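The primary structure of each chain is shown beneath.
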Amino acid sequence: MDHHDDEPGPQKVRVVVADDQALARLALRMLLEAHPRIQVVGVASDRQEAIRRVSELHPDVVVMDVRMPEADGRPIADDAGISATREIVRMHPTTKVLVHSDWDEDPLVSAAMRAGAYGYLRKADRDEDQLALIILIVASGASVFNVGTDRMRRLFDAAHTAHRRSALPALTPAEREVVNLAATPEAPSNQEIAAVLGIAKQTVANRILDARIKLGAVDRKALITFARAAGLGMHH
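Bear in mind the structure is a predicted one, so any value in this text is a computation, not a measurement.

Draft legend 1. Highlighting the overall build of the chain. In terms of regular secondary structure, the chain is built from ten helices and eight strands. A burial count over the chain gives 49% of its 236 residues as buried. For the chain, restricting intrachain contacts to residue pairs at least 6 apart in sequence, the fraction spanning at least 24 positions comes to 64%.

Draft legend 2. Here's a closer look at the pattern of salt bridges. Tallying each qualifying case throughout the model produces six salt bridges. With a shortest N-O distance of 3.1 Å, Arg53 and Glu49 are connected by a salt bridge. Taken as a pair, Arg53 and Glu49 lie in helix α2 (residues 47-57) at a separation of four residues, close to a single helical turn. Between Arg90 and Glu87 there is a salt bridge, with the nearest N and O atoms lying 2.7 Å from each other.

Draft legend 3. Fine view of the pairing of strand β6 (residues 96-101). Summarising burial for β6: six of the six residues are buried, a large majority. Bridge count for strand β3 (residues 61-64) against β6 is four bridges, and the pairing is parallel. What sits directly across from Val61, in β6, is Lys96. Two elements, β6 and strand β7 (residues 119-122), share four bridges in a ladder whose sense is parallel. Along β7, the bridge assignment pairs His100 with Leu121.

Draft legend 4. Representation of a nonpolar patch on the surface in the model. A contiguous nonpolar patch, built from Leu23, Leu26 and Met30 and spanning about 360 Å² of accessible area, is present on the exposed surface. Position of Leu23 among the secondary structure elements: in helix α1 (residues 22-33). The exposure class assigned to Leu23 is exposed, which follows from its relative accessible area of 70%.

Draft legend 5. Seen up close, unusual backbone geometry. The backbone of His58 shows a phi angle near 50°, a positive value even though the residue is not glycine. Along the chain, His58 turns up in the loop between α2 and β3.

Draft legend 6. The arrangement of the side chain of Asp65 in detail. Structurally, the position occupied by Asp65 is in the loop between β3 and β4 (68-69). The contacts of Asp65, once residues within four sequence positions are left out, are Ala18, Asp19, Asp20, Gly81, His100, Ser101 and Lys123.

Draft legend 7. Representation of helix α8 (residues 190-197) within the structure. All buried positions along α8 are accounted for by Asn190, Ile193, Ala194, Val196 and Leu197. The buried residues of α8 occupy an angular sector of 165° when the element is viewed end-on, so they sit on one face.

Draft legend 8. Representation of the environment of Asp60 in the model. Relative to the helices and strands, Asp60 resides in the loop between α2 and β3. Here Asp60 falls in the partly exposed class, since its relative accessible area comes to 30%. Residues Asp60 and Ala139, 79 residues apart in the sequence, show an inter-C-alpha distance of 6.0 Å. With residues near it in sequence (within four places) discarded, Asp60 still touches Lys12, Val13, Arg14, Thr94, Thr95 and Lys96. Within the structure, the side chain of Asp60 is placed 2.7 Å from the backbone nitrogen of Arg14, a separation counted as a polar contact.

Draft legend 9. Fine view of the packing of α8 against helix α9 (residues 201-215). Where α8 contacts α9, the axes come no closer than 8 Å and their chain directions differ by 110°. When the interaxial angle is binned, α8 and α9 end up roughly perpendicular. Where α8 crosses over α9, the two elements pack in a sense that is right-handed. The residues of α9 that touch α8, namely those facing Asn190, Gln191, Ile193 and Ala194, are Lys201, Val204, Ala205 and Ile208. Looking at the contact of α8 with α9, its residues break down into five nonpolar, two polar and one charged.

Reading the values: the criteria
Residues numbered from 1 in each chain as written. Predicted model: local features only at pLDDT ≥ 70, side-chain atom pairs only at ≥ 80, totals over all residues. Heavy atoms only, no water. Helix = DSSP H or I, 4+ residues; strand = E, 2+ residues; numbered from the N terminus. Buried < 20%, exposed > 50% of the residue type's maximum accessible area, 1.4 Å probe, protein only. Contact = heavy atoms within 4.5 Å. Salt bridge = Lys/Arg side-chain N within 4 Å of Asp/Glu carboxyl O. Pairing = 2+ DSSP bridges. Patch = residues over 30% accessible without salt bridge, like charges linked within 9 Å, V, L, I, M, F, W, Y side chains within 5 Å. Areas by Shrake-Rupley, 256 points an atom, 1.4 Å probe, with all protein chains shown as cover. Arc of directions from axis to C-beta. Polar contact = N/O pair within 3.5 Å; in protein donor to acceptor, adjacent residues only side chain to side chain. Axes fitted to C-alpha atoms, helices over the stretch in contact; angles between N-to-C directions. Parallel < 35°, antiparallel > 145°, perpendicular 65-115°, else oblique. Left-handed = near helix turned anticlockwise from the far one by under 90°. Nonpolar A, V, L, I, M, F, W, Y, C, P; charged D, E, K, R; others polar.

Given below as structure tokens:
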């Protein structure tokens, strides 16, 4: 007898995939559903369908392409995904949007941040484990940004931690970004944090050490305890 519903364990993160290319939607669905903590509950091929799917399904995370049609049969719009993100964030504030694009142009990334996206990932930078990890981190309420430019990463950190600036004020924004990820429920390793942020593993280790020294944390576990108590990592 199957008692799956009664089994203890983490609840699955419910995901909607929005991409205008059918093969991309299928590939993403197969990739994500192979992860035991992720369930793809719906897909969308245009802006209007993406908004409708979120209203119907109430997912935890939307993986949103930037360029897609406004509606079925309409031409592709360069910012349809940004517009959909803005609408979803306004109507469904508990749903987190991860923008997933071919492009890392600053205006697009800035627009995604202003629209309320919790993350921005270039398709070219993606690997299977990394995308799943990023979705789980975004679902926890932490921000993730990976386009490989320090300036845009600083903008992203400012956009998403401004309301938590009082959290561990002794830390620099770069240190807070690393500690924020380290404190998420997924407890990523330094190597995983480095991959997510597009920085060197040693840079992550240095920022963790600097944060520990500033906060008087005897080890990584103590640092994470401090961070969570301050509202990082577990933030919703």
